[in-house]
Amino acid sequence: QSSRQDWYAPTQVGTVLRYAVYNQEGEITGYSNIKVDSITIDSHGRHIVQQSSVQYDAQNRQVGDTLYATTIISNDTTYVGINRIMNMSRAVVQTWGTLIALPATIGSDTRFENRTLGCNVRFAGMKFHTTTEAYDYTLMNEETLTVDNRIYESLKFSYNTSTKVAGRTEQTFVTTWFAKGVGTMLAVVNNEQTGESNTTKLISIHYPAN
């Protein structure tokens, strides 16, 4: 089992990460606060990091339901996962899966497996299932990012996603930065069909009082 300093996830219960979401014009369209609710060890010796996320609009008013995510740290690898239920435009959306597996030690020769995310949608009495394939993971660079005047060493990745929904396929190109002890620092998502993009940026970290 790796030490907590090797996790690509917050290591303390009560840590709150605050993100801002920007459109392609650079305008803030919303915020989200992600809090570490618990860190437990399961019967297999894996650390389970449970996080809850609250979404806000550009005026900082809460919107939608609380979302949940589970990150599993096992065999020196952080499995960044998604396990959430949300209401979106009167539709109930349930998403689950592992987005990416990050070993404690990553180098230019590290290979990343393709991932599959599942999604159930209930809307207007209908229910349907979609899957998202995430693939072509590429380690692009190592970069430093600054939050709250603290410098974080991060890994810059890119990958593609393909989602089949309502008879059509949506494809995105994602660039994201991960840092140990934090997780996602920055993510840029480009929709290849619409040409639109959005950016999610970590703007503050609140650590629990010792």
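Residues numbered from 1 in each chain as written. Predicted model: local features only at pLDDT ≥ 70, side-chain atom pairs only at ≥ 80, totals over all residues. Heavy atoms only, no water.

K.L.:
Pulling in residues and values, what's your account of the pairing of strand 3 (residues 47-57)?
P.N.:
Within strand 3, nine of the eleven residues are buried, which leaves it mostly tucked inside the rest of the structure. By the bridge criterion, eleven bridges tie strand 2 (residues 28-41) to strand 3 in an arrangement that is antiparallel. Directly across from Asn33, in strand 3, lies its bridge partner Val54. Linking strand 3 back to strand 4 (residues 62-74) in an antiparallel pair, the connection comprises four residues, with Asn60 at a positive phi of about 65 degrees. (Buried < 20%, exposed > 50% of the residue type's maximum accessible area, 1.4 Å probe, protein only. Helix = DSSP H or I, 4+ residues; strand = E, 2+ residues; numbered from the N terminus. Pairing = 2+ DSSP bridges.)

K.L.:
Tell me about the nonpolar core, and please be specific about residues and values.
P.N.:
Among the nonpolar cores identified, the biggest contains 16 residues, and Ile100, Leu102, Ile106, Tyr137 and Phe157 are the most heavily contacted of them. Only strand 5 (77-88), strand 6 (91-103), strand 8 (126-147), strand 9 (150-165) and strand 10 (168-179) provide two or more residues apiece to this core. Apart from residues no more than four positions distant in its own chain, Ile106 is found in contact with Tyr8, Phe112, Leu139, Leu155 and Phe157. One finds Ile34, Leu145, Trp177 and Ala179 within the second-largest nonpolar core, a separate group that totals 13 residues. (Core = buried A, V, L, I, M, F, W, Y, C linked by side-chain atoms within 4.5 Å. Contact = heavy atoms within 4.5 Å.)

K.L.:
Explain the packing of aromatic side chains to me, using residue names and the numbers behind them.
P.N.:
Summed over the entire model, instances satisfying the criterion amount to three aromatic pairs. When the centroid spacing of 5.0 Å and the interplanar angle of 35 degrees are considered together, the rings of Tyr137 and Tyr159 count as tilted. Of the two residues, Tyr137 sits in strand 8 while Tyr159 sits in strand 9, which places them 22 residues apart along the sequence. Judged by centre distance (5.9 Å) and plane angle (70 degrees), the ring pair of Phe157 and Phe178 falls under edge-to-face. Within this pair, whereas Phe157 is found in strand 9, its partner Phe178 is found in strand 10, the two being separated by 21 residues in sequence. Judged by its relative accessible area of 0%, Phe157 falls in the buried class. Given a relative accessible area of 3%, Phe178 falls into the buried group. The rings of Phe112, Phe157 and Phe178 are connected pair by pair, giving a single aromatic cluster. (Phe/Tyr/Trp six-rings, centres within 6.5 Å; stacked < 30°, edge-to-face > 60°.)

K.L.:
Residue-level account of the layout of surface pockets, with values.
P.N.:
Roughly 150 Å³ of volume is contained in the second largest pocket. If you trace the second largest pocket, you find it lined by Tyr8, Ala104, Thr105, Ile106, Glu142, Glu153, Ser154, Leu155, Phe178, Ala179 and Lys180. Those elements giving two or more residues to the lining of the second largest pocket turn out to be strand 9 and strand 10. Considering each element in turn, the lining of the second largest pocket owes the most residues, three residues, to strand 9. Among the residues making up the lining of the second largest pocket, the classes are represented as six nonpolar, two polar and three charged. (1 Å grid on protein atoms, 1.4 Å probe; cavity = no way out; pocket = protein on both sides within 12 Å on 5 of 7 lines; lining within 4 Å. Points joined across faces, edges and corners; volume = space filled by probe spheres on them. Nonpolar A, V, L, I, M, F, W, Y, C, P; charged D, E, K, R; others polar.)

K.L.:
Tell me about the pattern of salt bridges, and please be specific about residues and values.
P.N.:
Scanning the entire structure with this criterion turns up six salt bridges. Here Asp57 and Arg61 are joined by a salt bridge, their closest N and O atoms 2.8 Å apart. Judged by relative accessible area, Asp57 falls into the buried class, the value being 16%. Among the salt bridges present, the one from Glu113 reaches Arg115, with a minimum N-O distance of 4.0 Å. (Salt bridge = Lys/Arg side-chain N within 4 Å of Asp/Glu carboxyl O.)

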